[in-house]
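# Remarks on the overall topology
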Amino acid sequence: MSHASENLDSVYEYQTRVFCIISDHRVFRSKSPEMFSAVFRRTGIKGAYVPFMVDAGDIGKALNSLRVLNIAGANITAPFKEAVLAYLDVLSEGANIIGAVNTIVCKGGQLKGYNTNAIGIMDALNAVGFDIAGKKALVIGTGGAARAVVFILNWLRAESIVVAGRDAANTERMADHFQCTPRSLADLADFPVSTDIVVNATPISSRDEEEPLTDIAKHMDPVGCQLVFDLNYGTRDNIWQAMAADHNIRFLDGLSTLAYQARRTFLLWTGQEVPQDEFAKALSP
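Given the structure is predicted, the values throughout are model-derived calculations rather than measurements. (Residues numbered from 1 in each chain as written. Predicted model: local features only at pLDDT ≥ 70, side-chain atom pairs only at ≥ 80, totals over all residues. Heavy atoms only, no water.)

## Describing the overall build of the chain
For the record, the criterion: Helix and strand labels come from DSSP, where a helix needs a run of H or I of at least four residues and a strand needs a run of E of at least two; each type is numbered from the N terminus. The quantity called the radius of gyration is restricted to C-alpha atoms. Its globule counterpart is 2.2 Å times the number of residues to the power 0.38. Each residue gets one of three labels from its accessible area relative to the maximum for its type: buried under 20%, exposed over 50%, partly exposed in between, using a 1.4 Å probe on protein chains only. Contact between two residues is taken to exist if any of their heavy atoms lie within 4.5 Å; hydrogens are not considered. Where accessible areas are quoted, they stem from the Shrake-Rupley method and a 1.4 Å probe; at the residue level, only the protein chains shown are allowed to cover.
In terms of regular secondary structure, the chain is built from eleven helices and 14 strands. For the chain, the C-alpha radius of gyration of 20 Å lies close to 19 Å, the compact-globule estimate for 285 residues. Viewed in the frame of its principal axes, the chain has a C-alpha envelope of about 75 × 40 × 35 Å. Taken across its 285 residues, the chain has 48% of its residues classed as buried. Counted over contacts in the chain with a minimum sequence separation of 6, partners at least 24 positions apart contribute 67%. For the chain, the exposed area adds up to about 13,900 Å²; of that, 49% sits on carbon and sulfur atoms.

Here you go:
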């Protein structure tokens with residue numbers, strides 16, 4: 001190897017590595033850039049984290065650009081957690097079972113997909129002392145986030161899981177994949193639901209975002225429910241929080257899940273264990 005090549009390798013090794021989050025217009029609502037940037041500063045790791053807004057038809061080009069631009073890692077969020085699978089070289093075992101990816105490690109031109117959502121959800125439930133083993137769950141949604149929820153609830157030995165979705169075919173496919181029970185989303189407003197936990201895994205949490213789901217949340221009767229868990233965060237007039245308040249049920253939003261999954265993502269990207277408190281502090285007002 002020439003002296004010039006040795007210098008180039010040395011310079012590359014110590015340059016700032018770039019990480020990103022990929023979504024549609026919702027990418028600019030994410031707290032991930034703020035959180036990861038703060039953790040990079042506090043740990044002294046040279047890293048930059050940026051949001052990329054991508055049109056649905058361009059997700060393949062965006063994934064290929066990670067290789068072209070030597071991006072070191074990426075977070076994938078709604079609506080692309082399932083769509084990116086076709087453009088990855090390797091999947092972790094968990095991501096393959098779940099069928100959705102939220103974290104990509106880019107190394108040597110190869111893209112490997114992981115799912116840290118599921119473990120982040122588990123950590124968030126543990127933190128509030130909610131043991132799902134032997135309990136009934138209702139999961140609202142059939143996208144990538146919902147798949148991570150159902151996977152981890154099964155793994156934690158939930159007694160039963162009902163998946164409620166708008167599209168009957170999608171709901172039945174997901175229920176069949178995870179061996180749970182499908183239910184029409186519209187039915188939730190018409191009949192009582194016996195469950196210990198309700199998890200909103202759709203991107204909708206505000207009355208301003210979608211009227212039908214607002215009506216469903218308003219008229220739901222979650223019999224015996226102990227926890228309403230909304231995977232979204234920072235939502236004004238949160239329809240799931242309002243439902244929980246109406247029925248005197250404890251409410252948890254997705255901010256703690258974001259911090260827990262980010263810690264595991266950071267380890268995949270950098271190989272470094274960082275205390276959970278650093279991610280929580282980065283999200284504090």
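## Some words on the pattern of salt bridges
For clarity, the threshold we go by: The salt bridge criterion pairs a side-chain nitrogen of Lys or Arg with a carboxyl oxygen of Asp or Glu, the two atoms within 4 Å.
Summed over all chains, the structure comprises seven salt bridges. The salt bridge partner of Lys61 is Asp58, with a shortest N-O separation of 3.9 Å. Residue Lys61 is classed as exposed on the basis of its relative accessible area of 61%. For Asp58, a relative accessible area of 29% translates into the label partly exposed. Put simply, Glu273 and Arg263 hold a salt bridge, and the shortest N to O gap is 2.9 Å. Pair noted here: Glu273 is in the loop between helix H10 (255-270) and helix H11 (276-282) and Arg263 is in helix H10, with a separation of ten residues, a long-range link.

## A short note on the environment of Val128
Structurally, Val128 can be placed in the loop between helix H5 (117-127) and strand E7 (136-140). A sequence separation of 46 residues divides Val128 from Met174, and the C-alpha atoms of the two residues are 28 Å apart. If we ignore the near neighbours within four places in the chain, the residues touching Val128 are Arg250 and Leu252.

## Here's the deal with the UniProt feature "domain: Shikimate dehydrogenase substrate binding N-terminal" (unreviewed entry) in the chain
Operational definition: UniProt positions are given in the numbering used here, feature names are shortened, and annotations may be inferred rather than shown by experiment.
In the UniProt entry, the feature "domain: Shikimate dehydrogenase substrate binding N-terminal" (unreviewed entry) is given for residues 27-104. Between the C-alpha atoms that bound residues 27-104 there is a distance of 16 Å. The span itself is 36% helix and 19% strand.

## Some words on the state of the cysteines
Definition in use: In this description, a disulfide is simply a cysteine sulfur pair whose atoms lie within 2.5 Å.
Scanning the model with the defined rule gives zero disulfides in all. Cys106 takes part in no disulfide bond, and the closest cysteine sulfur to it belongs to Cys20, at a distance of 7.2 Å. Cysteine Cys180 remains unbridged, with the sulfur of Cys225 as its closest cysteine sulfur at 17 Å.

## Some words on the packing of H5 against H10
As a reminder, the rule being used: Simply put, an axis is a line fit to the C-alpha atoms, just over the touching stretch for a helix, and the angle between two N-to-C directions goes from 0 to 180 degrees. In these notes the angle categories are as follows: under 35 degrees is roughly parallel, over 145 is roughly antiparallel, 65 to 115 is roughly perpendicular, and the rest is oblique. What makes a crossing left-handed is the near helix being turned counterclockwise from the far one by less than a right angle; a clockwise turn instead makes it right-handed.
Put simply, H5 and H10 touch, their axes get as near as 8 Å, and they point 130° apart. When the interaxial angle is binned, H5 and H10 end up oblique. Judged by the twist between their axes, the crossing of H5 over H10 is right-handed. In this structure, H5 uses Asn117, Ile119, Gly120, Ile121, Asp123, Ala124 and Ala127 to contact H10, whose residues at the interface are Ser256, Thr257, Tyr260, Gln261 and Arg264.

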